[in-house]
Amino acid sequence: MTHELELQLKGYGLTTAQILYRMPDHPSFLQTYIWQHYDIAPDFPEMKSFLKFWQETLEGPLHSVRYVHRKLISASDWRALKGEFIIN
């Protein structure tokens, strides 16, 4: 089982954030950064951790963050099946 599937089965969904930040050398210019990661709504610990890292480590100050979140697998979509198909 892949790591992504394990996260989805634990309730994680795909979060995509559009981060606008000011260029360190030209503060009047805004640059866009797209961040995508599996995260848990509504608290978004992964995104908050990344934004904290950004503010503490990177030079470009944040202007705004817009995000969307979507669960890719819900409890009704996942069933464990056991079976075998024999062809020829």
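Look above for the structure.
Attention in this report is confined to the structure presented alongside it. (Residues numbered from 1 in each chain as written. Predicted model: local features only at pLDDT ≥ 70, side-chain atom pairs only at ≥ 80, totals over all residues. Heavy atoms only, no water.)

1. What about the packing of aromatic side chains?
For step 1, the next point in the chain: Applying the stated criterion across every chain, the model contains seven aromatic pairs.
For step 2, the next point in the chain: Relative to F50, the ring of Y33 has its centre 6.0 Å away and its plane inclined at 15°; by these criteria the two rings are stacked. Taken together, the residues Y33 in strand β2 (residues 30-39) and F50 in helix α2 (residues 45-57) connect sequence positions 17 residues apart.
For step 3, the next point in the chain: With relative accessibility at 36%, the residue Y33 sits in the partly exposed group.
For step 4, the next point in the chain: Within the aromatic cluster, the residues linked to one another by ring pairs are Y21, Y33, W35, F50, F53 and W54. (Phe/Tyr/Trp six-rings, centres within 6.5 Å; stacked < 30°, edge-to-face > 60°. Helix = DSSP H or I, 4+ residues; strand = E, 2+ residues; numbered from the N terminus. Buried < 20%, exposed > 50% of the residue type's maximum accessible area, 1.4 Å probe, protein only.)

2. Quick notes on the sheet that holds strand β3 (residues 62-70)
For step 1, the next point in the chain: Spatial ordering of the open sheet is given by β2-β1-β3, a layout of three strands whose pairing is antiparallel. Both outer strands of the open sheet, β2 and β3, are each paired with one neighbouring strand and no more. If you compare each strand with its neighbour and ignore which way they point, the axes differ by 15° on average.
For step 2, the next point in the chain: Across eight bridges, the pairing between strand β1 (residues 13-22) and β3 is antiparallel. If you follow T15 over to β3, its bridge partner there is H69.
For step 3, the next point in the chain: Seen against the sheet, α2 touches β1, β2 and β3 and runs at an angle of roughly 145° to β2. (Pairing = 2+ DSSP bridges. Axes fitted to C-alpha atoms, helices over the stretch in contact; angles between N-to-C directions. Contact = heavy atoms within 4.5 Å.)

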